[in-house]
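Coordinate analysis (summary)
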Amino acid sequence: RKTSQGAKKFKPLTFFEAQMYKFQHCGISKKLFVMEGEEDKPSSNVFAGAWSKMEKLNRLKRIKTVRLQLERGEWAGVDLICTRNKRDTINFLIQ
């Protein structure tokens, strides 16, 4: 499937978009999405189950696309917090 800008939509991203729509309309007043890691320095767990270099590259593209969509506010009412690693995530959650 193609978007208006011509970029290909991957099936897992479409599934994620459906989940975000449900999250957006779930009735919780303050929604927060925490995204851990950096696409430019991926950890090995991002690639679990990915065998080919192309599959790994596509995963990174999907992660970056989701991050950009959240940063642009494509899901109204859902705030984004980006952390670099597990420790940063824990520190954010316990503050």
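Whatever comes next refers back to the structure up there.
One structure accompanies this document, and this report is about it.

About the thresholds
- Residues numbered from 1 in each chain as written.
- Predicted model: local features only at pLDDT ≥ 70, side-chain atom pairs only at ≥ 80, totals over all residues.
- Heavy atoms only, no water.
- Helix = DSSP H or I, 4+ residues; strand = E, 2+ residues; numbered from the N terminus.
- Buried < 20%, exposed > 50% of the residue type's maximum accessible area, 1.4 Å probe, protein only.
- Contact = heavy atoms within 4.5 Å.
- Areas by Shrake-Rupley, 256 points an atom, 1.4 Å probe, with all protein chains shown as cover.
- Pairing = 2+ DSSP bridges.
- Expected span 1.5 Å × (residues − 1).
- Phe/Tyr/Trp six-rings, centres within 6.5 Å; stacked < 30°, edge-to-face > 60°.
- Salt bridge = Lys/Arg side-chain N within 4 Å of Asp/Glu carboxyl O.

When you go through the protein residue by residue, the secondary structure sums to three helices and two strands. Starting at the N terminus and walking to the C terminus, you meet the elements of the protein as α-β-α-β-α. Relative to its 95 residues, the protein shows a buried fraction of 24%. Of the contacts formed within the protein by residues at least 6 apart in sequence, a portion of 63% connects residues at least 24 apart. Just so you have it, the protein exposes about 7200 Å², and 56% of that area is on carbon and sulfur atoms.

Residue alternation in strand β1 (residues 31-36) divides its side chains into a buried set, K31, F33 and M35, and an unburied set, L32, V34 and E36. Where β1 and strand β2 (residues 78-83) come together, six bridges link them in parallel fashion. When the sheet's bridge partners are listed, K31 is paired in β2 with V78.

Okay, helix α2 (residues 53-71) next. An α-helix turns once per 3.6 residues; consequently, residues spaced three or four apart project the same way. The first and last C-alpha atoms of α2 sit 27 Å apart over 19 residues, in line with the 27 Å expected at 1.5 Å per residue. Buried residues of α2: N58, R59, L60, R62, V66, R67, Q69 and L70, and no others. Backbone geometry just after α2 places G73 at a positive phi near 75 degrees.

Before going further, it helps to examine the packing of aromatic side chains. Counted by the stated rule, this structure contains two aromatic pairs. When the centroid spacing of 5.7 Å and the interplanar angle of 80 degrees are considered together, the rings of F16 and F33 count as edge-to-face. Taken as a pair, F16 in helix α1 (residues 11-24) and F33 in strand β1 lie far apart in primary sequence, 17 residues in all. When its relative accessible area of 21% is taken as the criterion, F16 is described as partly exposed. With a centroid separation of 6.0 Å and an interplanar angle of 80 degrees, the aromatic rings of F16 and W75 are classed as edge-to-face. Taken together, the residues F16 in helix α1 and W75 in the loop between α2 and β2 connect sequence positions 59 residues apart. A relative accessible area of 8% means that W75 is categorised as buried.

On to the pattern of salt bridges. One pass over the structure, following the stated rule, counts two salt bridges. Residue D79 is joined to K30 by a salt bridge in which the shortest nitrogen-to-oxygen separation is 3.9 Å. With D79 in strand β2 and K30 in the loop between α1 and β1, this residue pair connects regions lying 49 residues apart in the sequence. Owing to a relative accessible area of 39%, D79 belongs among the partly exposed residues under this scheme. According to the relative accessible area criterion, K30 is exposed, its value standing at 65%.

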